[in-house]
Amino acid sequence: MKTWIIFLLVLLSFNTTYGQAKVDTLEAHRLFEEGKKLYVAYKMHSALLKFQKSAEIFKAQGFEIQQAKCITYQLSCYRQLSTYNQQVLLKIEKALKLFQKRKDSVSVAKAYKYIGNYYSGSGVNIDKAVFYYHKAAEIYRKNGLRLRLAWLWNDLAALYQSQGMYAKAIEACNNNYQLLKKLIPEGDVRFSAYFIRMAICFMNQKKYDVALKYLQRARKYIQRGWEGYYTNMGYLYLSQNKLQLSEQYYLKALAVAKKRYKGKHQNIGWAYGSLARLSIKKKNYSVALQLVQKGLSHVMSHSIDTLDIYYHTNVRNTKHPYAHLYLLLHKAKAFSLLSDSLKDLQASLYNYQLYDSVTIKIQSQSSHRNYHFSQKVYPEAIQVCQRLYAKTQDKKYQHLAFYFAQRSHANVLGKSLHARRAKVMVRLPDSLINQELYLKQQRAYYQQKALKASNAAQKTAYQDSVFRMIRQQDVLSEVYAQKFPKYYRLRFQSQPATVPQIQQKLDSQSVVLSYIWGKAQSHVLAITHNDFKIHTLPPQKQVTAALNAYYNALQQEQRLQSFARKSHQAYQCLWAPLQKLLRTKQKIIVTNPTLLSVPLEALVTQPYQPDWGAFGQLPYLAKQHSLSYHYSASLWCQNKRSSSLSAQRRLHFAGFAPFSGGKGQVMTTRANEGLLPESKVEVSTVYNFFKQQKHDAAAYLSKAATRREFLSQVSKLDILHIASHSTANLREARLARIHFAPQPQADSTYLYAESIYYLPLKAQLVVLSSCESGVGKFETGEGVMSLARGFLHAGAQSVVSSLWEADDVYTKKLMILFYNRALFQKVLYSQALNFAKRQLLSQEPQLHPKYWSSFILIGR
């Protein structure tokens, strides 16, 4: 009887549990269907909540596939809301695992597509986005899902378009169009996406007539209830300064958006933002501010005063961060132009600061690069700071100007170096750090192989290998998020250096100069150990023209009179307001990514004099000051290691001269394809300097200077010297390379830039005594993607590199003078390099400055 009662209780419990599970599952399905209806109605926030709740129930009941479907809908909502943070990525990974477990290849492809969307939309890693899109495309092809493949081409087109890669974007658009023509009827509205995308590509290239034709074709396919067409037409006419036509289309876009989306919606906010931009162009600044205020009411999570233009929003209530940024940009600009009153300028500055805070919030969640407006925004903010300082003499405005300057420089490099420091702070296990480094190295290796592959099959195989490394990196990132959340947070929280922090590192003879370019005015921010001032310079266009003329005069070895005039013109643009300050300073630190491409030491400080008979007589900047460079003042400040060879401990030096000629030879104190005979003398002499000072030293000459030997030594070295050939690549920065002793296989001969980024480096100084080691593709806000930058990324504290082809004889002389001064006089590297240049100039008075100015020092 007792047994029977227990059985009945268990059965009753099972039925109750089953019944509850059934009820819960029905509730989850109901929520899921409601979410889909809200999604179709474009009510993304409400839909997201429904999908989240249904996913939680399905998970609790063990319905993994339904849970994964709910997550994929969440991801689509996030994309529509332009939300790209690490939590989103972790959700995608969760769905991916569920689909892989069930061997649902089509859903796996969908998850890959969403990961591609994450990397594309957040700007974290464009290469990763491309690889995930291609893996999804591969699965769609195998399963015959051509319509999904067509939309994937549209995603790729959007990615390339956002990066300014218009030829690739147009190619992807055409692939999308060719597939759509085979799959959907001629008049289908879905064709509009192709024509709109093509129009935007041509608009951004200022080919307005072609863009208009595509927009006119798009109009045939678009329903009257879609505002995107009108927005693009408005932008097309605004770009051509046809303001009346632009206004007509922008007003139509706003009317359509209001009709389409009932109540508050970010697309209505964007429409108001477009009209505000137009009003600024028409100089109707009060109207622009009123429009912005109305737009903000649609992108904030709380109600705001739409009538009071001085009512300010905040970071906490940002519901749509990208739309918020767009509106803040116009609000700040409109206030700066409205009047010169203190109230309006302070309102402008507040909105620039808020813009920056929202950007930081986005970056802290996803390692996002500076939002694409930022390169224009920060110089404008500095201008407002300057106007406020002129009115109030309050130095806080100058300090804010410096902060904005740092925010506009080398953010990607800065974040990479900050992430390295964060690993040390959190004390991550060596096993994880080594695993991450290995994956990065392997990825770089296969990436190079794919870029150079001679046939499609090889290229595909290497790309598959790259993808495997990417997947393993993403899995490792998930481990960091779950097991080391402190590091996960810290790695995105780098802060620019402050003026007081920089002043603490300066002596009375030094000055840090931070240059900021602007369309109307440029500025140079000068920091000394006891002062900080901002000086006005000519507009960017004028400075650029003067620098280009000076650079060409160097490269072309122009005659003395022509060179002296052009050199002095560039000097006037960059240094004229600083002359009084510089009379008291011997060391100058130049911090701007753009200026790492031009050797400022050869600038002539006085107007041309007819009695100058030799290049050695010119009053070069190098005769008065020693210069060093860095990508930003913050990066210079964070450089904590020794900037001279004055350390008492034994240093580890290695020099490599693979083209020195003769038999391979190794000397040690411990157990463009032509020959560079002077490199043997150079490396041997420097080796002997270190040997005399009782440091550990090695010199690898000719056939002994192999890439393999280099890689085996690099993690142990304090000073690394490479006297070789190197080749820049202005199209594909990752394929820049350093040449080592030739081997039967090219992979064993060259060290590529992509691999340099992930070297286990601890060197305080790297000297690249080779051609074009400081040359590369220029990235706005980041600077030159050169071999030198690769060594800095890998951990080198200072790098000496060349800005063009280096002469074998003069390079040898310069390097011997440099090391002699640095080792025996124990001065700063920048001072030692300056001394070497002046000595060479003294020894060779007829020598054109091209031959002694090409090497610069990045670091301290």
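Residues numbered from 1 in each chain as written. Predicted model: local features only at pLDDT ≥ 70, side-chain atom pairs only at ≥ 80, totals over all residues. Heavy atoms only, no water.

Quick look at the overall build of the protein
In terms of regular secondary structure, the protein is built from 34 helices and 17 strands. In terms of C-alpha radius of gyration, the protein reaches 30 Å, essentially the compact-globule figure of 29 Å for 860 residues. Structurally, the protein occupies a C-alpha span of about 100 × 75 × 55 Å along its principal axes. Of all 860 residues assigned to the protein, the portion counted as buried reaches 57%. Only carbon and sulfur atoms are counted for the fraction: they give 51% of the accessible area of the protein, which is about 37,200 Å². Side chains of the protein carry 117 positive and 50 negative charges; the gap between the two charge centres is 3 Å. (Helix = DSSP H or I, 4+ residues; strand = E, 2+ residues; numbered from the N terminus. Rg over C-alpha atoms; globule rule 2.2 N^0.38 Å. Buried < 20%, exposed > 50% of the residue type's maximum accessible area, 1.4 Å probe, protein only. Areas by Shrake-Rupley, 256 points an atom, 1.4 Å probe, with all protein chains shown as cover. Lys, Arg positive; Asp, Glu negative; His and termini not counted. Charge placed at Lys NZ, Arg CZ, Asp CG, Glu CD.)

A look at the packing of aromatic side chains
For the structure shown, the criterion picks out 45 aromatic pairs. Put simply, the rings of Tyr-177, Phe-191, Tyr-194, Phe-195, Phe-202 and Tyr-214 pair up and form one aromatic cluster. Here the basic side chain of Lys-343 rests over the ring of Tyr-310, its NZ or CZ set 4.0 Å away from the ring centre. The ring of Tyr-631 has Arg-789 lying over it, and the distance from NZ or CZ to the ring centre is 5.0 Å. (Phe/Tyr/Trp six-rings, centres within 6.5 Å; stacked < 30°, edge-to-face > 60°. Lys NZ or Arg CZ within 6 Å of the ring centre and 35° of its normal.)

Topic: a positive patch on the surface
Taken together, the side chains of Arg-146, Lys-181, Lys-182, Arg-217 and Lys-220 make up a positively charged region of the molecular surface. Here Lys-181 is to be found in helix α8 (residues 166–183). (Patch = residues over 30% accessible without salt bridge, like charges linked within 9 Å, V, L, I, M, F, W, Y side chains within 5 Å. Salt bridge = Lys/Arg side-chain N within 4 Å of Asp/Glu carboxyl O.)

Points about the environment of Thr-392
Structurally, Thr-392 can be placed in helix α17 (residues 374–392). The sequence separation of Thr-392 and Ser-562 amounts to 170 residues, and the corresponding C-alpha distance is 45 Å. If we skip the residues at most four places from it in the chain, Thr-392 touches Leu-342 and Tyr-397. A polar atom in the side chain of Thr-392 sits 2.8 Å from the backbone oxygen of Leu-388. (Contact = heavy atoms within 4.5 Å. Polar contact = N/O pair within 3.5 Å; in protein donor to acceptor, adjacent residues only side chain to side chain.)

Structural notes on the packing of helix α9 (residues 192–204) against helix α10 (residues 208–219)
The geometry of a pair of packed helices is captured by two quantities: the angle between their axes and the separation between those axes. With their axes 8 Å apart at the nearest point, α9 and α10 run at an angle of 165 degrees to one another. Judged by the inter-axis angle, α9 sits roughly antiparallel to α10. The way α9 lies across α10 gives a crossing that is left-handed. Residues Ser-192, Tyr-194, Phe-195, Ile-196, Met-198, Ala-199, Phe-202 and Met-203 of α9 touch α10, and the partners they reach there are Tyr-208, Val-210, Ala-211, Tyr-214, Leu-215, Arg-217 and Ala-218. (Axes fitted to C-alpha atoms, helices over the stretch in contact; angles between N-to-C directions. Parallel < 35°, antiparallel > 145°, perpendicular 65-115°, else oblique. Left-handed = near helix turned anticlockwise from the far one by under 90°.)

Remarks on unusual backbone geometry
In the Ramachandran plot, Lys-206 falls in the positive-phi region, its phi being about 65 degrees despite a non-glycine side chain. Mapped onto the elements, Lys-206 comes out in the loop between α9 and α10.

Description of the pattern of salt bridges
Counting across every chain of the model gives 29 salt bridges. For Asp-531, the salt bridge is made with Lys-533, and the minimal N-O distance between the two is 4.0 Å. Three or more residues are tied together by salt bridges with common partners; here these are Glu-27, Arg-30, Glu-34 and Lys-50.

Regarding the side chain of Lys-449
Locating Lys-449 in the fold gives a position in helix α20 (residues 430–452). Here Lys-449 falls in the buried class, since its relative accessible area comes to 17%. Apart from the residues lying within four places of it in its own chain, the contact partners of Lys-449 are Tyr-462 and Asp-747.

Focus on the pairing of strand β9 (residues 719–724)
Judged by how many residues are buried, β9 sits mostly within the fold: six of six residues are covered. Residues of β9 alternate between two faces, with Ile-719, His-721 and Ala-723 on one and Leu-720, Ile-722 and Ser-724 on the opposite face, all of them buried. One ladder, built from four bridges, connects strand β6 (residues 652–657) with β9; its direction is parallel. Directly across from Phe-653, in β9, lies its bridge partner Ile-719. (Pairing = 2+ DSSP bridges.)

Thoughts on the pairing of strand β1 (residues 510–516)
Counting buried residues in β1 gives seven out of seven residues, a clear majority hidden from the surface. By the alternation rule, side chains of β1 split into Ser-510, Val-512, Ser-514 and Ile-516 and Val-511, Leu-513 and Tyr-515, which are all buried. Linking β1 back to strand β2 (residues 522–527) in an antiparallel pair, the connection comprises five residues.

Concerning the environment of Tyr-249
Note that Tyr-249 resides in helix α12 (residues 243–260). For the pair formed by Tyr-249 and Met-233, sequence separation is 16 residues and the distance between their alpha carbons is 6.2 Å. Apart from residues no more than four positions distant in its own chain, Tyr-249 is found in contact with Tyr-229, Tyr-230, Met-233, Gly-234 and Tyr-237.

Regarding the packing of helix α14 (residues 285–296) against helix α15 (residues 321–338)
The contact between α14 and α15 brings their axes to 9 Å, and the two run at 155 degrees. In terms of orientation, α14 and α15 fall into the roughly antiparallel class. Once α14 is placed against α15, the crossing between them reads as left-handed. From α14, Tyr-285, Ser-286, Ala-288, Leu-289, Val-292, Gln-293, Gly-295 and Leu-296 reach across to α15, where they touch His-324, Leu-327, His-330, Lys-331, Ala-334, Phe-335, Leu-337 and Leu-338. Partitioning the contact of α14 with α15 into residue classes produces ten nonpolar, five polar and one charged. (Nonpolar A, V, L, I, M, F, W, Y, C, P; charged D, E, K, R; others polar.)

A look at the environment of Arg-102
Summarising the element assignment, Arg-102 is placed in the loop between α4 (86–101) and α5 (105–122). In sequence terms Arg-102 and Ile-65 are 37 residues apart; their C-alpha atoms lie 8.0 Å from each other.

Concerning helix α7 (residues 146–162)
Between its first and last C-alpha, α7 extends 25 Å over 17 residues, near the 24 Å set by a 1.5 Å rise per residue. Of the positions making up α7, those classed as buried are Leu-149, Ala-150, Leu-152, Trp-153, Asn-154, Asp-155, Leu-156, Ala-157, Leu-159, Tyr-160 and Gln-161. With its phi angle positive at about 75 degrees, Gly-164 sits one or two positions after the end of α7. (Expected span 1.5 Å × (residues − 1).)

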